Amino acid sequence: MSTEIRTRFAPSPTGFLHIGGVRTALYNYLFAEKHKGKFILRIEDTDRSRSESRYSRAIMEGLRWLGLDWSEGPFYQSERGQIYEKAIRKLSEEGKAYRCFCSPKELAARGREAESRGEPPGYDGRCRELSSSESGRLEKEGRGYAWRIRTPESGAISFDDIIKGNITVDAATIQDFVLVKSDGGPAYNFACAADDSDMRITHVIRGDDHISNTPKQLLIYRALGENPPRYAHLPQVHGTDGKRLSKRTGAASLDEFREEGYLPGALRNFLALLGWSTSDAQQIFAPDELKEKFDLSGVGRSPGVFDMEKLRWINGKYIRETSPAELARLAAPWLLRAGILKSPEDIPERIIEALALEKEKFSTLSEVPEKIGFLLRDDVAYDPKAVSKRLEKDGVIDILTDIQNLLRETEDFSRENLEDIFRSYVEKKQLGAGKVFHPVRVAVSGQMKGPGLFELLEFIGRDKSVERIGYALKEYVK
Ligand code: GLU
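Residues numbered from 1 in each chain as written. Predicted model: local features only at pLDDT ≥ 70, side-chain atom pairs only at ≥ 80, totals over all residues. Heavy atoms only, no water.

Where do I start with the site of the ligand in this structure?
The local shell around the ligand consists of Arg-8, Ala-10, Pro-11, Ser-12, Glu-44, Tyr-188, Cys-192, Arg-206 and His-210. A distance of 2.8 Å is found between a nitrogen atom of the ligand and a side-chain nitrogen or oxygen belonging to Ser-12. One nitrogen or oxygen atom from the side chain of Tyr-188 is found 3.0 Å from an oxygen atom belonging to the ligand. Burial of the ligand by the protein amounts to 80% of the accessible area it has alone, namely 300 Å². Class assignment for the residues of the shell around the ligand results in four nonpolar, two polar and three charged. (Near = heavy atom within 4 Å. Polar contact = N/O pair within 3.5 Å; in protein donor to acceptor, adjacent residues only side chain to side chain. Areas by Shrake-Rupley, 256 points an atom, 1.4 Å probe, with all protein chains shown as cover. Nonpolar A, V, L, I, M, F, W, Y, C, P; charged D, E, K, R; others polar.)

See below:
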């Protein structure tokens, strides 16, 4: 039987989720889904002073919104003390970890001395060979202590990173590092490896800023007598300027993208492509296609490039694939804020129709009120530029009067019939289509932009169209 694939996302709740973190979560999720495995959520809240529950909540809400549902968890490291204690007990019994009674002050002073002698600073192994009776005596004296791992003095630590290839470090360069701090809390590498081991994680997929931690975590696995997982370290995400992400180039939190009106599916699609590609460079994926196609072998070694224009483009595509009714539901928060919608439970058909006409024109949901507002207002706001360009022109008075009369008599106000009426009028009068269409558009909507003229008229309806042309004739046409 093949082993179940188990991945995890292990955020520290010390801030909101940023794009790089979300991409890590997505890759872990997709990889687990692809292999019908498990995706585990572990909150790494061992740093009590910097961890906040509001961040954990926001992280989970963001993951849910993106549709990255975890199959196990959330597990909180702050509640897993027994796991770490058990592991330390085992390591200590087997002589693989020991108590270190050196205070931070002593360590710093000795580090400085070593440096002045031209030796590397860092832990000098002072407590490594303490006998158990010495250790017991110091403990009885009430001296605080940390637990350190006994690292090998020679040999190589090697792993075959799925993305970066073989990575080898000289074990001698890794000093006996702290597993449990003197306050009793586990250090990051220890909690992480002990948990990965306890949770039977098979693939650790994370940012390459963690690559230097991996040899230490491998040593912990080795000491625990467990087989380590495979590691895949993801290249960082850069802006289009090739630099680290800044606020301007996309270093916003997941919430900010949500508030800007990006659709979860579009964001998933975009994030998946931040460092991963299919062999045919596919750009747009159907809902379940990503989890079928994603594979770590498609993750490149160069940084993912965060291109805001591309995100807008992808989002626009997803918007166009969404039905107007669903779009109205998704855009409800923005429509409410703009006063266009009164209640999210009761979305008028007019709004859905307006969205059907205009949904080609926006890239984010936050643009919806501006794009459809003019269609829904009762009083037309005439754009002065449109008035001078389209209405204050010779001949407009006759054209608008004719069209007003024609429309008044039109029973069938469908876009198809309206088109026939306009085409035959243009032909009869031997006029360019634009000469007729442009002033009518401005007369009924006050704007130069908007949906096709016949769709626009059909949407506004006969009575209002006739009335508005009358108003424009009176107010603006000289
Ligand atoms: N808590 C670590 C972080 O947020 C996770 C490291 C890991 O995935 O092993 O960077």
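Just checking my understanding: could you explain helix α11 (residues 308–321) for this structure?
Each full turn of the α-helix corresponds to 3.6 residues, which orients residues three or four apart in the same direction. In this model, α11 (14 residues) spans 20 Å end to end at C-alpha, consistent with the 20 Å of a helix rising 1.5 Å per residue. For α11, the complete set of buried residues consists of Leu-311, Ile-314, Asn-315, Gly-316, Tyr-318 and Ile-319. Here the buried face of α11 lies against α8 (254–260), α9 (264–272), β12 (304–306) and α12 (324–337). The distance from a side-chain oxygen at the start of α11 to the backbone nitrogen of Glu-309 is 3.0 Å, and the residue carrying that oxygen is Asp-307. (Helix = DSSP H or I, 4+ residues; strand = E, 2+ residues; numbered from the N terminus. Expected span 1.5 Å × (residues − 1). Buried < 20%, exposed > 50% of the residue type's maximum accessible area, 1.4 Å probe, protein only. Contact = heavy atoms within 4.5 Å.)

Sorry if this is basic, but what is going on with the pattern of salt bridges here?
Tallied over the entire structure, the rule returns 42 salt bridges. Of the charged contacts, one joins Asp-160 and Arg-230 as a salt bridge, the two residues approaching to 3.8 Å between their closest N and O atoms. Note that Asp-160 is positioned in strand β6 (residues 156–161) and Arg-230 in strand β10 (residues 230–234), a separation of 70 residues in sequence. On the basis of relative accessible area, Arg-230 is assigned to the partly exposed category, the value being 37%. A salt bridge links Lys-464 to Asp-378; its shortest N-O distance comes to 3.3 Å. Remark: Asp-378 occurs in the loop between α14 (368–376) and α15 (384–391) and Lys-464 occurs in helix α20 (residues 462–475); sequence separation between them is 86 residues. Residue Lys-464 is classed as partly exposed on the basis of its relative accessible area of 33%. (Salt bridge = Lys/Arg side-chain N within 4 Å of Asp/Glu carboxyl O.)

Can you walk me through a positive patch on the surface in this structure?
Taken together, the side chains of Lys-385, Lys-389, Lys-393 and Lys-435 make up a positively charged region of the molecular surface. Checked against the element boundaries, Lys-435 lands in helix α18 (residues 433–445). (Patch = residues over 30% accessible without salt bridge, like charges linked within 9 Å, V, L, I, M, F, W, Y side chains within 5 Å. Lys, Arg positive; Asp, Glu negative; His and termini not counted. Charge placed at Lys NZ, Arg CZ, Asp CG, Glu CD.)

Looking at this structure, I do not really get the sheet that holds strand β5 (residues 146–149). What am I missing?
Within a sheet, neighbouring strands are paired by backbone hydrogen bonds and run either parallel or antiparallel to one another. Spatial strand order, β4-β5-β8: three strands in an open sheet with antiparallel pairing. Every other strand in the sheet has two partners, leaving β4 (97–100) and β8 (178–180) as the edge strands with one partner each. Between one strand axis and the next, the sheet turns by 45° as a mean value, whatever way the strands run. Bridge count for β4 against β5 is four bridges, and the pairing is antiparallel. Bridge pairing in β5 places Tyr-98 opposite Arg-148. (Pairing = 2+ DSSP bridges. Axes fitted to C-alpha atoms, helices over the stretch in contact; angles between N-to-C directions.)

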